Amino acid sequence: MTMTQSKTLKDVLYIRCFAVISLVAWHSYCSYIAWGYGNSPLDRVYAKIFSFFTPDANMPLFTFIAGYLFCFLLKKKQKYQEFKSFLKSKVHRLFIPFLVLGTLTNLTEVNRNLIPELFYGKPSHLWYCLMLFYCYVACWLLERRGQKYNIVMMCISMVVVLVKGKGSLALNVPFGLFLPVYYYCYFYIGYLVFQYKENFLRLMKKYWIVLFVVYSALSMLDKSHLILINSLIYISLLLFCFDSGGAISVRLSQYRSLNKIINSIAKCSMGIYVFHQWIIWNITRPDFLHNYIHEHYIIFPLLCWIFIFMFSWLMTHLLTKYTKVGRYLLL
């Protein structure tokens, strides 16, 4: 979820902005689609809407973007050529934030159990940083041994996703080692798509309508074992829509004010990720609020989405602008 040099890839910039906004929306509606507090007439409607716009809470999308950007930096920019400097960078960008922010959010969130959750690599939502750290390191090491090793790992990961279905943090494996096995296929597919981007876009130009119809049908079914296919089609359509040379990207680039906002949101994506989940989790836990959530099933999640997104964005902007600790942990 880090922003390292993604400003040179407009497609990554736009997709990351879309992904972080939709992720805040998903968590804002979780009381109705995942946490069982809403019990409203619109629960099933919300579930279908977010099944379409945020398959698996967009975690596959974020992971794909990370792999896509990693290939850009490693292959095109010739960055991370030495393992020691590469590992040091990822420790600072992902592992330390996992430990520090994971511990802090765990200690300040309702109904959290610090030691066991840290041991299993799942302190609140900061599990994602540890999972991504593993993916980066594994990809670098396997790529140095030859691409075939990465492809084997990708295939193993795909089998795990197909067997298990939607991503879940329920499986407890020490140090969170199950999580990168589950998500690695998305990371390395992103890596490969950038490597063969021209061929990918050529195929998408021919078949995007067919894929959109297939994706819409699969989203309506919302079957757990289809999540891999569903997510990959969804990601492919987004990448095609926001391709740097595509009509949407060209049109967006013409609006300077809008581009400043998009750049700011993308830059603050890590902080928005950290703050929004922490806030939403805490404000929806108290039992006395559950009746309010149930009764105001339209206005509550909508206001939650708007105000918590804006607050998380503002907090990240201020902390990264005025504090060294904020810049270190949140950029």
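Bear in mind the structure is a predicted one, so any value in this text is a computation, not a measurement. (Residues numbered from 1 in each chain as written. Predicted model: local features only at pLDDT ≥ 70, side-chain atom pairs only at ≥ 80, totals over all residues. Heavy atoms only, no water.)

What follows is about the side chain of Asn282. By the element assignment, Asn282 lies in helix H14 (residues 269–284). A relative accessible area of 17% places Asn282 in the buried class. There is a polar contact of 3.2 Å between the side chain of Asn282 and the backbone oxygen of Thr108. Residue contacts for Asn282: discarding those within four places in its chain leaves Thr108, Glu109 and Val110. (Helix = DSSP H or I, 4+ residues; strand = E, 2+ residues; numbered from the N terminus. Buried < 20%, exposed > 50% of the residue type's maximum accessible area, 1.4 Å probe, protein only. Polar contact = N/O pair within 3.5 Å; in protein donor to acceptor, adjacent residues only side chain to side chain. Contact = heavy atoms within 4.5 Å.)

Okay, the packing of helix H10 (residues 197–221) against helix H11 (residues 227–241) next. The geometry of H10 relative to H11 is characterised by a closest axis approach of 9 Å and an angle of 135° between their N-to-C directions. In terms of orientation, H10 and H11 fall into the oblique class. In the packing of H10 onto H11, the handedness of the crossing is left-handed. Note on element contacts: H11 touches H10 through Ile229, Asn230, Ile233, Tyr234, Ser236, Leu237, Leu239 and Phe240, opposite Phe200, Leu201, Met204, Lys205, Trp208, Leu211, Phe212, Val214, Tyr215, Leu218 and Ser219. Here the contact of H10 with H11 is composed, by residue class, of 15 nonpolar, three polar and one charged. (Axes fitted to C-alpha atoms, helices over the stretch in contact; angles between N-to-C directions. Parallel < 35°, antiparallel > 145°, perpendicular 65-115°, else oblique. Left-handed = near helix turned anticlockwise from the far one by under 90°. Nonpolar A, V, L, I, M, F, W, Y, C, P; charged D, E, K, R; others polar.)

The subject of this paragraph is the packing of aromatic side chains. Under the defined criterion, the tally for this structure stands at 40 aromatic pairs. With centroids separated by 6.3 Å and ring planes inclined at 85°, the aromatic side chains of Phe52 and Phe212 adopt a geometry described as edge-to-face. Within this pair, whereas Phe52 is found in helix H3 (residues 43–53), its partner Phe212 is found in helix H10, the two being separated by 160 residues in sequence. You can call Phe52 partly exposed: its relative accessible area is 24%. Phe212 sits in the partly exposed class, given a relative accessible area of 40%. Relative to Phe187, the ring of Phe70 has its centre 6.1 Å away and its plane inclined at 45°; by these criteria the two rings are tilted. In this pair, Phe70 sits in helix H4 (residues 59–76) while Phe187 sits in helix H9 (residues 178–195), placing the two residues 117 residues apart along the sequence. (Phe/Tyr/Trp six-rings, centres within 6.5 Å; stacked < 30°, edge-to-face > 60°.)

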